Amino acid sequence: MDWGDTSFTAVAAAAVILTGILIYFLFSNNGCSARHILVESKAEADCLVRELKSAKGSNVKKLFAELAAEHSICPSGSSSGGLLVFKQDTMDPLFEKACYNTSLLTVSAPFQTAHGWHIVFVEKR
């Protein structure tokens, strides 16, 4: 193929533009990063939130990871509550609402979905 061929140049330029759009969509700051703990009862969720609220500063994130590994019934529990990175309108609406309404670097109030009771720790938005 001749590098000077205008059709090849146009296709290459289009590919670069589309790649840039995809990268922007995937990595722009209009998403949310959160860890979560899933338990079966509100009582257990309330107890975990009380324990998390007693932690200070950067200890909250560390304690959240420990409690997720110990208590979460979600498979992500074994990875410190997992770090969920998602775009708006892609998750369970109740889960998204909690993530977007919880202040950064804080623990949410317990909330219920069809899967059980959740607690989230929002790291980035």
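Notes on the structure follow. None of these values were measured; they are calculated from a predicted model.

About the criteria used
Residues numbered from 1 in each chain as written. Predicted model: local features only at pLDDT ≥ 70, side-chain atom pairs only at ≥ 80, totals over all residues. Heavy atoms only, no water. Helix = DSSP H or I, 4+ residues; strand = E, 2+ residues; numbered from the N terminus. Buried < 20%, exposed > 50% of the residue type's maximum accessible area, 1.4 Å probe, protein only. Contact = heavy atoms within 4.5 Å. Areas by Shrake-Rupley, 256 points an atom, 1.4 Å probe, with all protein chains shown as cover. Polar contact = N/O pair within 3.5 Å; in protein donor to acceptor, adjacent residues only side chain to side chain. Phe/Tyr/Trp six-rings, centres within 6.5 Å; stacked < 30°, edge-to-face > 60°. Core = buried A, V, L, I, M, F, W, Y, C linked by side-chain atoms within 4.5 Å.

**Focus: the overall build of the protein**
Right, so step 1: Broken down by element type, the protein carries four helices and four strands.
Right, so step 2: Reading the protein from its N end, one meets helices and strands in the order α-β-α-α-β-α-β-β.
Right, so step 3: Per-residue burial for the protein yields a buried fraction of 38% across its 125 residues.
Right, so step 4: Across the protein, contacts joining residues at least 24 apart in sequence account for 60% of those joining residues at least 6 apart.
Right, so step 5: Of the roughly 7800 Å² that the protein leaves accessible, carbon and sulfur atoms contribute 62%.

**Side note on the environment of Asp-89**
Right, so step 1: Here Asp-89 is to be found in the loop between strand S2 (84-87) and helix H4 (93-101).
Right, so step 2: Residue Asp-89 is classed as exposed on the basis of its relative accessible area, which comes to 71%.
Right, so step 3: Distance in space between the C-alpha atoms of Asp-89 and Gly-31 is 9.8 Å, their sequence separation being 58 residues.

**Regarding H4**
Right, so step 1: Every buried residue of H4 is accounted for by Phe-95, Glu-96, Ala-98, Cys-99 and Tyr-100.
Right, so step 2: Summarising the contacts, the buried residues of H4 are in contact with strand S1 (31-39), S2, strand S3 (111-113) and strand S4 (116-124).
Right, so step 3: Between the side-chain oxygen at the start of H4 and the backbone nitrogen of Leu-94 there is a gap of 2.8 Å, and the oxygen is on Asp-92.

**Details of the packing of aromatic side chains**
Right, so step 1: Inspection of every chain in the model, using the stated rule, returns two aromatic pairs.
Right, so step 2: A centroid spacing of 5.8 Å and a plane angle of 35° characterise the contact between Phe-64 and Phe-121, whose relative ring orientation is tilted. Residue Phe-64 is located in helix H3 (residues 59-71), and its partner Phe-121 is located in strand S4; the two are separated by 57 residues in the primary sequence.
Right, so step 3: The class for Phe-64 is buried, based on a relative accessible area of 0%.
Right, so step 4: Aromatic pair Phe-95 and Phe-111: ring centres 6.0 Å apart, planes at 65°, arrangement edge-to-face. In this pair, Phe-95 sits in helix H4 while Phe-111 sits in strand S3, placing the two residues 16 residues apart along the sequence. By the burial criterion, Phe-95 is buried, and Phe-111 matches it.

**Describing the nonpolar core**
Right, so step 1: Among the nonpolar cores identified, the biggest contains 16 residues, and Ile-37, Leu-52, Phe-64, Val-107 and Ile-119 are the most heavily contacted of them.
Right, so step 2: Of all the secondary structure elements, the ones that give two or more residues to this core are S1, helix H2 (42-54), H3 and S4.
Right, so step 3: Examining the composition of this core, we find that five residues originate from one element, H3, more than from any other.
Right, so step 4: Among all residues touching Ile-37, those that are not within four sequence positions of it are Leu-48, Phe-64, Leu-67, Ala-68, Ser-72, Trp-117, His-118 and Ile-119.
Right, so step 5: Counting residues in hydrophobic clusters, the runner-up holds 10 residues, among them Ala-34, Phe-95, Tyr-100 and Phe-111.

**Quick word on unusual backbone geometry**
Right, so step 1: The backbone phi angle of Leu-105 is positive, close to 60°, even though this residue is not glycine.
Right, so step 2: Structurally, Leu-105 can be placed in the loop between H4 and S3.

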